[in-house]
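# Structural characterization, general
Chain by chain, the residues run as shown.
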Amino acid sequence: MKILVTGGAGFIGSNLVERLVHEGHDVRILDNFSTGDRRNLRLVAAHVELVEGDLRSYERVARAVRDCEIVFHQGAMPSVPRSVQDPLTSSEIDIGGTLNVLLAARDGGTRRIIFASSSSVYGDAPGFPRLETQATSPVAPYAVSKLAAEQYCRVAHLVYGLETVCLRYFNVFGRRQDPFSQYSAVIPTFIVTMRHGLSPTIYGDGTQSRDFTHVDDIVTANLLAMAAPGIGGAIFNIACGRQVSLNELVAELTRCSARASTPTTSIRGPETSSTRSPMYRARRASWAFAQPSASARA
Ligand SMILES: NC(=O)c1ccc[n+]([C@@H]2O[C@H](COP(=O)([O-])OP(=O)(O)OC[C@H]3O[C@@H](n4cnc5c(N)ncnc54)[C@H](O)[C@@H]3O)[C@@H](O)[C@H]2O)c1
């Protein structure tokens, strides 16, 4: 099957591309390499078609979408701090870029678009653990953009009949996650810091927890979303279903590295206190990952 992966040179996108190529699909990538890296594609470079371009250009997106039956839309400016610094660019890429993908898919006859959304859309809405039926209440421009893009996906399903599926990822980690960006996620940042014999910095008291989800499970969820019948317009939480506090994370990394490390604490705000989802909707659709999942093993 002919498939487009936007943001295919990024952390999650490149892991998804590898699996798709391995399964024999004909894969095209659209990326502008702003946070992605060509080295992420070295195992598959000979087997994929690369369209270098920006999601903000409808022409570029339409060129990339052409003839593709499925689009995995992973491309985004995926950082909360960057979105706080530069909400306009965050909105242009994450909302405007998504709208370009949806319109190009409509015009080009794409059947299904699987959109990489985020648990951040829940923000400070009441309710724990997180269920898809709960209210959303973003607390950062990034999350506002993801929520707006989700709404465009829903409307594209209603108005244009596109099969849109939104996957709300919970705190993804795994191979090829960039530990050196100033906006890096907590696991690679802590690992690199501790490898250098330094103390990781925790914002707050460390009791805030995250539902860390391995990238292999995210890839599996995307493939299930591609294949499942009758889920156009649906939203799914994609998580591990377990919560781990940042203090527990440091303790576990210390145990693995056999190097004592006391985190320093710092204040920054606002922090999401905890994230976890039992993924009821995915499980009801028989999407339960083979147990133990990659997230639980890692
Ligand atoms: N990593 C997580 O924990 C997490 C959690 C929830 C949702 N997500 C979402 O998953 C998706 C992938 O995230 P990631 O962690 O792999 O990030 P990433 O930065 O590694 O990947 C994003 C990719 O999009 C590309 N890109 C950015 N702006 C672009 C533009 N204007 N035009 C074309 N390409 C562009 C980048 O070059 C990069 O290859 C994003 O949509 C992100 O919002 C990630």
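Here is a short report on the structure shown in this document. (Residues numbered from 1 in each chain as written. Predicted model: local features only at pLDDT ≥ 70, side-chain atom pairs only at ≥ 80, totals over all residues.)

## Brief notes about the overall build of the chain
To keep it simple, the criterion reads: A run of DSSP states H or I qualifies as a helix once it reaches four residues; a run of E qualifies as a strand once it reaches two. Both are numbered from the N-terminal end. A residue is called partly exposed when the number of other C-beta atoms within 10 Å of its own lies between 12 and 20, exposed at 12 or fewer, and buried at 20 or more, with C-beta atoms placed from the backbone. Each residue is represented by a C-beta atom placed from its backbone, and any two residues with such atoms within 7 Å are regarded as in contact.
Helix and strand counts for the chain stand at 10 helices and 13 strands. Sorting the 298 residues of the chain into buried and exposed places 43% on the buried side. Summarising the internal contacts of the chain: among those between residues at least 6 apart in sequence, 76% fall at separations of at least 24.

## Focus on the environment of threonine 207
With respect to the helices, strands and loops of the structure, threonine 207 is situated in the loop between β8 (201-203) and β9 (209-210). Overall, the presence of 12 C-beta atoms within 10 Å leaves threonine 207 in the exposed class. C-alpha separation for the pair threonine 207 and glutamate 248, spaced 41 residues apart in sequence, amounts to 8.4 Å.

## Considerations on helix α5 (residues 141-160)
Under the convention used in this document: To estimate how far a helix should reach, multiply one less than its number of residues by 1.5 Å.
Taking 1.5 Å as the rise per residue, α5 with 20 residues should run 28 Å; its terminal C-alpha atoms sit 27 Å apart, in good agreement. Its buried side turned inward, α5 meets α3 (80-85), α4 (87-108), β5 (112-118), β6 (163-169) and β11 (234-238). Glycine 161, located one to two residues past α5, shows a positive phi value of around 75°.

## Re the sheet that holds β5
What counts is decided by this rule: Two strands are said to pair when DSSP picks up at least two bridges between them. Here the axes come from fitting lines to C-alpha atoms, over the contacting stretch only for helices, and the angles between their N-to-C directions go from 0 to 180 degrees.
In spatial order, the strands read β3-β2-β1-β4-β5-β6-β11; together these seven strands make up an open sheet with parallel pairing. At either end of the open sheet lies a strand with only one pairing partner, and these are β3 (48-52) and β11. This sheet shows a mean twist of 20° between the axes of neighbouring strands, independent of strand direction. In the sheet, strand β4 (residues 70-73) pairs with β5 via four bridges, with the strands oriented parallel. Looking at the pairing, isoleucine 70 lines up with arginine 112 of β5.

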